[in-house]
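Summary of the model geometry
Single-letter residue listing:
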There are 2 protein chains.
Amino acid sequence: MRTDFAATRAMFHLPEGVIYLDGNSLGPLPKAAAARLARTVTEEWGEMLITGWNRAGWMALPSRVGDRIARLIGAPPGSVVMGDTLSIKVHQALASALALRPDRRVILSDTGNFPSDLYIAEGLARMLGGAYELRTVPPEKVADAITEEIAVTLLTEVDYRTGRRHDMPALTRRAHQAGALAIWDLAHSAGALPVDVTKGGADFAVGCTYKYLNSGPGGPAFIYVAPALADTARPALSGWLGHEAPFAFDLDYRPAPGVERMRVGTPPILQLAALEAALDVWDMADIADVRARAIELSEAFIAGVEARCPTLALASPRDPERRGSQVSFRHPEGYAIMQALIARGVIGDFRAPDILRFGFTPLYIGLAEVEGAVKILGDVMDGTLWDRPEYKTRARVT
Amino acid sequence: MRTDFAATRAMFHLPEGVIYLDGNSLGPLPKAAAARLARTVTEEWGEMLITGWNRAGWMALPSRVGDRIARLIGAPPGSVVMGDTLSIKVHQALASALALRPDRRVILSDTGNFPSDLYIAEGLARMLGGAYELRTVPPEKVADAITEEIAVTLLTEVDYRTGRRHDMPALTRRAHQAGALAIWDLAHSAGALPVDVTKGGADFAVGCTYKYLNSGPGGPAFIYVAPALADTARPALSGWLGHEAPFAFDLDYRPAPGVERMRVGTPPILQLAALEAALDVWDMADIADVRARAIELSEAFIAGVEARCPTLALASPRDPERRGSQVSFRHPEGYAIMQALIARGVIGDFRAPDILRFGFTPLYIGLAEVEGAVKILGDVMDGTLWDRPEYKTRARVT
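Predicted model, so just to flag it, every value in this text is computed and none were measured. (Residues numbered from 1 in each chain as written. Chains lettered and ligands numbered in written order. Predicted model: local features only at pLDDT ≥ 70, side-chain atom pairs only at ≥ 80, totals over all residues. Heavy atoms only, no water.)

1. Notes on the packing of helix 4 (residues 61-72) of chain A against helix 11 (residues 269-278) of chain A
Residues and elements named next belong to chain A. Test applied: Axes here refer to lines fitted to C-alpha atoms; in helices the fit is confined to the stretch in contact. Angles between the N-to-C directions go from 0 to 180 degrees. The way it works is that DSSP assigns letters per residue, a run of H or I at least four long becomes a helix, a run of E at least two long becomes a strand, and they are numbered from the N terminus. Roughly parallel means an angle under 35 degrees; roughly antiparallel, over 145; roughly perpendicular, 65 to 115; everything else is oblique. Less than a right angle of anticlockwise turn of the near helix away from the far helix marks a crossing as left-handed, whereas a clockwise turn marks it as right-handed. Here a residue-residue contact requires only that any non-hydrogen atoms of the pair lie within 4.5 Å. As a working rule, the residues Ala, Val, Leu, Ile, Met, Phe, Trp, Tyr, Cys and Pro are called nonpolar, Asp, Glu, Lys and Arg charged, and the rest polar, with Gly in that last group.
It is at 10 Å that the axes of helix 4 and helix 11 come closest, and there the two elements cross at 30°. The orientation of helix 4 relative to helix 11 falls into the category roughly parallel. Considering the relative orientation of helix 4 and helix 11, their crossing is left-handed. Contact residues: Leu61, Pro62, Arg64, Val65 and Arg68 in helix 4; Ile269, Leu272, Ala273, Leu275 and Glu276 in helix 11. Here the contact of helix 4 with helix 11 is composed, by residue class, of 7 nonpolar, no polar and 3 charged.

See the structure below:
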């Protein structure tokens, strides 16, 4: 391995006494992000004021950071741009794809997709009128459901609950054979797995940055548009910063060349600054190493939990190649178990109705944490320590 | 006056040697925002990790901050929510309004509107199909153009270039008389003028926060929905955080009650934290006082510039009641003049093709700055100090 994981770990702030297995939901604070934000606030916003848009390079941040994300997902420079939230980027990709297949009316997705992707698709189909349909099938039926009716497939590579991983190149080929376009949501892929949108042939890809890319709560999303489509795709949400010449203040919209047209409004500079600093870790880390180490960690976790906790049922695929970087177990009292774990410093998360979810993020987590988490989970389950009223009162959790 | 402007001014960081007359584009750094961001990063993100969504109250921030904005625009609690960018919020308001007037097909706006509002309307009309039309008329023709064809008026109260102010209550009444809905963009109003969306009868209002509300570059936007419509308006961009129960992860979308349905994706917590701290100044400031003082300052500026600089032509309405909190002058060499001013520490901005724009923000600007700016502008014009090649090379400015 070329990646020095002790060195990458030293780049993060990790609280004392915590084993953090939820980097798949919110990555921890990179030390460089804290320092960068302080500089952006005091030296740029504070001292440069409005001139920061040019002098501090704020206006170029969405593209400059996009190019760094591009390297992690196999996209060429100039094909990724940052901004908004993942749901907004799903809407843009979907609306663009439908406009590129005007003779077709069906969006195909699956029941394992993150609900917001489905909600956005449902909302768009409704807005476009009765003829459009969002069709959802179980994940394992997707390949068979790709027929010549389908305008676009909208799939998330890694299932947010179980970690099940779609075969992205195979499904993309199948979509193209049927004349459909393929949109991939990489929320649980970017920074976790080797992704190659170019070889894989994705038409659009979208993702968030606050999970495996450690940009902080509410960090901006990204969108990739295949270069062959980028100059013809309609941006939808045609905001001024996607205009060919935003500062000409023309009354008519003309899309910018390429993926820049997917920009919408004024970019969130504070969040982008944190993200840019968070990406420094990738100058020292190789995604193939990260993936290999994540598999080691997750295999050790599964083996340990299955040995210690017979009432927890593995909800993730057993074959590590068929799952992402997280492992889930089912238990009817999953919520209370997770609360008991968190009270003991092991942070994973719960997904309704019964999923305990644990993420493995080698940039800052090693085998010692995995063994510690197995031991504490074992203690909680052996002693039914979760069976207390205070662990059963549900707060709103993410 | 009840507002102590020396006290409010002390709440901002203002760089040495700068006269900042561009708070209408990007407000300066509130000292509390810098401190709050540092806390949010190190104590919340750094220490609480994923549990910050509940423990630090992140999930409630868009509504909690929305309630504080509501007080500034005459909206009741629970009627404003934060998120995304202004362009996205324009899209949501417009799509919702059109769905509420399904028998009408025309969006009415004016040529003085901020281009992004027009671009978004144009994009939405195109997405909805050929029957929809964006109709733009000169600002002074808007009232007469509100006919029974119009589904919705989309107007910005204060013109971004000239500061011309629409009569919001009168145009809203006229829209309602014609059976249309009224959307108001308050980008140059919120925090600058007394606004009362309730008395004024606005159906939707949207705005940004990085201008007169000082949230920092790329701070989140707000959207207001009149309570009578909030439970029936379709959100458009139906993302998971606008769902009635986001953490149930249902496959079908059900909008949340009220304005919460206008939430889309994961909120930008770092930007929201800066904004929340920036709003503290309003605990000490009365918007009526701010408006009265801004008129004093702008009147002094106009008088001073007209006395010193006969080649600059006032582009703003002369009646202060008919303009917002900015004053604009035209000059064919406006770009170079503004560069020369900025080089001498007077920061305003330029808007193509020939507008020099100056904002008056009494929270941190007083008569001494106005007099200083007049003197420097006078020197620049008297000596044609702007007539140098280095001031004429256009960079991309905002």
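2. Regarding the relation of the copies chain B and chain A
Applied cut-off: In this comparison the copies share one frame, found by least squares on the C-alpha atoms of residues holding pLDDT of at least 70 in both.
At an RMSD of 0.0 Å, chain B and chain A line up after a rotation of 180° and a shift of 0.0 Å along the axis. Seen this way, the second copy is the image of the first under a two-fold rotation axis. Mapped onto chain A, 100% of the interface residues of chain B again fall at the interface, so both copies present the same surface.

3. Details of helix 8 (residues 168-177) of chain A
Residues and elements named next belong to chain A. To be explicit about the condition: Relative accessible area decides the class of each residue, using a 1.4 Å probe on protein chains only: under 20% of the type maximum gives buried, over 50% gives exposed, and in between gives partly exposed. Directions are taken from the helix axis to each C-beta atom, and the arc is the one they span. Here a polar contact is taken to be a pair of N or O atoms separated by no more than 3.5 Å, where protein atoms must pair a possible hydrogen donor with a possible acceptor and residues adjacent in sequence count only if both atoms sit in side chains.
Along helix 8, the positions that sit buried rather than exposed are Met168, Leu171, Thr172 and Ala175. On an axial view of helix 8, the arc spanned by its buried residues comes to 100°, and they lie on one face. Seen from the open side of helix 8, the exposed residues pointing more than 90 degrees away from its buried face are Arg173 and Gln177. Near the N-terminus of helix 8, the side chain that reaches the backbone nitrogen of Ala170, with its oxygen 3.2 Å away, is that of Asp167.

4. Some points on the interface of chain B and chain A
Selection criterion: By definition, the buried area sums, over both parts, the 1.4 Å-probe accessible area that each loses when the two are put together. Any carboxyl oxygen of Asp or Glu that lies within 4 Å of a side-chain nitrogen of Lys or Arg is treated as forming a salt bridge with it.
Counting from both sides, the interface comprises 84 residues of chain B and, opposite them, 84 residues of chain A. Buried surface at the junction of chain B and chain A, both sides included, amounts to about 7400 Å², of which 70% is carbon and sulfur. At the junction of chain B and chain A, the tally comes to 0 salt bridges. Across the contact surface, chain B and chain A share 25 residue pairs in polar contact (both at pLDDT 80 or more). Elements with a contribution of two residues or more to the side of chain B that touches chain A: strand 3 (29-30), helix 2 (31-48), helix 3 (52-55), helix 5 (86-100), helix 6 (115-128) and helix 11 (269-278) of chain B. When residues of the side of chain B that touches chain A are assigned to their parent elements, the largest contribution, 11 residues, is made by helix 6 of chain B. Classifying every residue of the side of chain B that touches chain A gives 50 nonpolar, 24 polar and 10 charged.

5. Section: the domain arrangement of chain A
All names here are of chain A. Note the following rule: Start and end positions for the domains come from either an automated domain assignment or a database one.
Parsing chain A into structural domains produces domain 1 (5-29 + 286-392) and domain 2 (57-283). Together, the buried faces of domain 1 and domain 2 total about 2100 Å²; carbon and sulfur atoms form 61% of this surface. Here domain 1 is connected to domain 2 by 0 salt bridges. The interface formed by domain 1 and domain 2 holds 11 residue pairs in polar contact (both at pLDDT 80 or more) in total. Among the elements of the structure, helix 12 (287-308), strand 12 (326-330) and strand 15 (355-359) are those that each provide at least two residues to the side of domain 1 that touches domain 2. Take the side of domain 1 that touches domain 2: its biggest share by element is 4 residues, from helix 12. Here the side of domain 1 that touches domain 2 is composed, by residue class, of 14 nonpolar, 11 polar and 7 charged.

6. Examining the pairing of strand 7 (residues 150-156) of chain A
Successive side chains on a regular strand alternate, one facing one side of the sheet and the next facing the other. All names here are of chain A. To be explicit about the condition: A pair of strands counts as paired when DSSP detects no fewer than two bridges linking them. A crossover counts as right-handed when, viewed with the strands pointing away from the observer, the path leading from the first strand over the helix to the second turns clockwise.
Of all the 7 residues making up strand 7, 7 are buried; the element is thus mostly covered by neighbouring parts of the structure. As paired strands, strand 5 (residues 106-110) and strand 7 are joined by 3 bridges and run parallel to one another. Bridge pairing in strand 7 places Val106 opposite Ile150. With 5 bridges joining them, strand 7 and strand 8 (residues 181-185) adopt parallel strand pairing. The partner of Leu154 across the bridge, within strand 8, is Ile183. Handedness of the β-α-β unit built from strand 7, helix 8 and strand 8 comes out right-handed.

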